[in-house]
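# Coordinates in review
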Amino acid sequence: MPGSPSALLYVFLALPILYLLGFVGFPIVYNLMMSVQEVNLGNITEFIRPFVGLDNYRTVIADESFQKVLVNTLLFVGCNVLAQVAIGLAVALFFAQDFPGAGFMRGLLLCSWMLPALVVGALWKWIFATEYGVANYVLSALHLIGSPIHWLSDPAVALTSVTLANIWFGMPFSMILIAAALTAIPKEHYEAASLDGAGSTARFWYITLPALKPALLAVACLVTIYTMRAFDLIFAMTQGGPLDASNVLPLLSYQFSFKQFDFGTGSAMGSFAFLIVFGVALLYVRTLKQETAS
Amino acid sequence: MSVRLRQLGVLPFGGWPATAIAVIGVGIYLFPIYWMLISGLKDSAEIFANPPTFVPRAPSLAAFEYVFVRENVLRYLRNSLTIAIPVTMLTLILGAMGAYAMSRLRNRLVDFAIVIVLLLQVFPEALLATPMFIIFRSLELLNTFAAVILATTSKTLAFALVILRPMFRQVPFELEEASFVDGCTRLQTFRLVVLPLMKVPLIVVGTLCFVQAYGQFVYGLTLLSQQELQPATVGIYSFVGAEYADWHRVMAFSSIFVLPILAIFLAMQRRIVSGLTAGGAQMTKISVFRRFERCA
């Protein structure tokens with residue numbers, strides 16, 4: 001560094017990092033600690049609590065709602081990632097074409113992403129209302145369904161409903177990220193391919209898709225991470241019900257802690273969710289690393 | 001057909017037909033937001049009308065009036081703002097300092113710090129809620145705005161650092177060198193040279209953080225049990241949670257709550273989108289691990 005000493009820069013670096021370690025790092029460690037202790041309302045503020053080893057984890061694994069909710073979580077996240085990346089890519093490609101108002105309308109789509117997740121949940125609960133909801137009305141007016149769908153109260157449908165709402169909520173963000181990656185593809189590649197007689201399908205498969213691959217992988221990781229946060233939306237729509245049909249791990253963990261005041265089991269459940277998110281985060285960092293290396 | 005269309009052209013149309021398709025598509029996509037806004041304008045008979053009316057027959061502000069008078073919307077909005085404004089300030093101060101340091105320092109420690117930030121931003125708040133509850137309980141900060149502000153900032157700060165760092169790298173180093181030559185200290189250079197140049201990106205990131213903090217729910221629900229302190233998200237939730245929700249009123253409440261956000265977004269649309277594309281591109285293609293060449 002030329003000139004001035006960089007001591008100040010280290011102070012600047014330390015402050016936010018210490019903040020994050022204090023308010024994110026410490027809670028994570030604390031959560032792990034609680035997951036091997038017996039924690040109830042009586043001893044919640046004490047630091048020394050009965051150590052129970054892996055008992056909480058055994059309780060969690062044996063719990064039927066946990067098994068169900070783990071599968072739900074994987075389905076919910078998987079469908080969100082697939083749909084948001086696929087639809088996001090399609091929409092980004094559409095708006096990458098030159099037509100009047102393309103940029104403005106592409107931006108307008110972000111309106112749904114700007115809304116608070118809780119409001120999105122409330123709004124879709126109203127849209128999905130069985131008798132007066134507009135979803136059932138439109139579908140039956142189009143003769144797509146015979147009788148009204150019980151979007152939120154039918155255990156077979158509830159997970160699909162919250163998934164649809166979450167895709168609506170998150171897709172524009174994936175789309176914007178993919179659109180940004182699209183503009184980074186050198187135009188010469190397309191020109192050369194056109195000269196060689198490649199049609200639009202060939203250009204998509206042999207130029208666009210390979211060039212986007214790292215970005216798509218990174219977006220998939222980000223969508224996974226954000227989808228694991230879908231607490232507010234599901235809380236507003238179904239609270240995880242009926243019978244845990246639409247429940248996901250972070251929400252179940254929260255319910256164990258704050259509804260049943262079984263903080264130890266809740267924390268152990270949380271650890272499983274941490275593990276999933278942490279695994280994806282590592283994959284994400286690795287993806288970025290490779291992207292930079294190439 | 002333009003050149004650009006032929007290059008990216010995966011779909012067989014462009015020009016005005018594409019605009020028409022886009023208008024219809026965006027219209028359908030944003031229909032739920034329209035539905036929220038007009039549901040609030042209906043009365044209790046029309047809200048349960050079958051078939052539903054897509055344009056309110058007799059738009060009335062009765063539902064809005066009800067939530068203002070009976071549901072204390074203003075108090076909820078004030079609480080949300082009391083949380084969101086300090087969160088935004090704190091995030092911008094810490095975020096600008098951290099992002100500036102990350103963009104200027106060049107060593108393993110910084111690489112490590114960036115990975116820490118990337119990793120710490122991924123954990124769902126719902127999972128941090130229990131430890132946060134216990135921490136703030138032992139600090140005797142439960143039922144204070146401070147607790148929610150500190151907790152929410154931990155989420156927005158990581159996001160701000162990730163987006164701001166590449167933006168700070170765009171400040172030409174020569175400008176700083178010149179100010180050092182003129183005898184400025186680094187702190188003065190940061191305040192007088194770097195920050196003014198970063199005004200627009202900081203406003204964009206500040207807006208995004210504000211929106212996140214304004215709509216924050218989990219910590220408001222967990223750390224504030226006194227109704228007088230709860231933010232609007234918690235207010236809407238308790239309203240929706242009722243067995244038979246008055247949907248026109250819930251939607252009126254939601255509309256009042258989100259209209260400021262939508263207004264800010266529409267006013268700043270171009271900047272937010274370009275900020276997101278620039279910052280967002282870095283989220284999919286971060287040059288985290290490349291050493292900072294300029295200062296070498």
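Not measured: the values here are computed from a predicted model.

## Observations concerning the overall build of chain B
- When helices and strands are tallied, chain B shows 16 helices and zero strands.
- By the burial criterion, 59% of the 296 residues in chain B qualify as buried.
- For chain B, restricting intrachain contacts to residue pairs at least 6 apart in sequence, the fraction spanning at least 24 positions comes to 74%.
- Split by element, the accessible area of chain B, about 12200 Å² in all, is 64% carbon and sulfur.

## Describing the pattern of salt bridges
All names here are of chain B.
- Tallied over the entire structure, the rule returns six salt bridges over all chains.
- One salt bridge in this structure joins Arg57 and Glu46, with 3.8 Å as the shortest N-O distance. With Arg57 in the loop between α4 (44–47) and α5 (62–69) and Glu46 in helix α4, this residue pair connects regions lying eleven residues apart in the sequence.
- Its relative accessible area of 60% is what places Arg57 among the exposed residues.
- Residue class for Glu46 comes out buried when judged on its relative accessible area of 3%.
- Put simply, Arg104, Glu176 and Arg186 are held in one network by salt bridges that share partners.

## Here we look at the environment of A:Lys68
All names here are of chain A.
- Tracing the sequence through the fold places Lys68 in helix α3 (residues 64–95).
- C-alpha of Lys68 to C-alpha of Leu54: the two residues are 14 residues apart in sequence and 21 Å apart in space.
- Those residues in contact with Lys68, other than ones at most four positions away along the chain, are Leu243, Asp244 and Ala245.

## A word on a nonpolar patch on the surface
Residue and element names in this part refer to chain B.
- Taken together, the side chains of Leu81, Ile85, Met89 and Ile93 define a hydrophobic patch exposed on the protein surface, amounting to about 370 Å² of accessible area.
- Note that Leu81 resides in helix α6 (residues 73–104).
- Relative accessible area serves as the criterion here: at 34%, Leu81 is assigned to the partly exposed category.

## Some points on unusual backbone geometry
- For the bond from A:Gly241 to A:Pro242, the omega torsion is -10 degrees, close enough to zero to count as cis.
- The topology assignment puts A:Pro242 in the loop between α11 (231–237) and α12 (249–258).
- Note that the residue after B:Asn50, namely B:Pro51, is joined by a cis bond; omega there is 5 degrees.
- Note that B:Pro51 resides in the loop between α4 and α5.
- The backbone phi angle of A:Gln239 is positive, close to 55 degrees, even though this residue is not glycine.
- The exposure class of A:Gln239 is partly exposed, given its relative accessible area of 29%.
- Residue B:Asn143 is not a glycine yet carries a positive backbone phi of 60 degrees.
- Summarising the element assignment, B:Asn143 is placed in the loop between α8 (125–138) and α9 (145–168).

Rules used throughout
- Residues numbered from 1 in each chain as written.
- Chains lettered and ligands numbered in written order.
- Predicted model: local features only at pLDDT ≥ 70, side-chain atom pairs only at ≥ 80, totals over all residues.
- Heavy atoms only, no water.
- Helix = DSSP H or I, 4+ residues; strand = E, 2+ residues; numbered from the N terminus.
- Buried < 20%, exposed > 50% of the residue type's maximum accessible area, 1.4 Å probe, protein only.
- Contact = heavy atoms within 4.5 Å.
- Areas by Shrake-Rupley, 256 points an atom, 1.4 Å probe, with all protein chains shown as cover.
- Salt bridge = Lys/Arg side-chain N within 4 Å of Asp/Glu carboxyl O.
- Patch = residues over 30% accessible without salt bridge, like charges linked within 9 Å, V, L, I, M, F, W, Y side chains within 5 Å.

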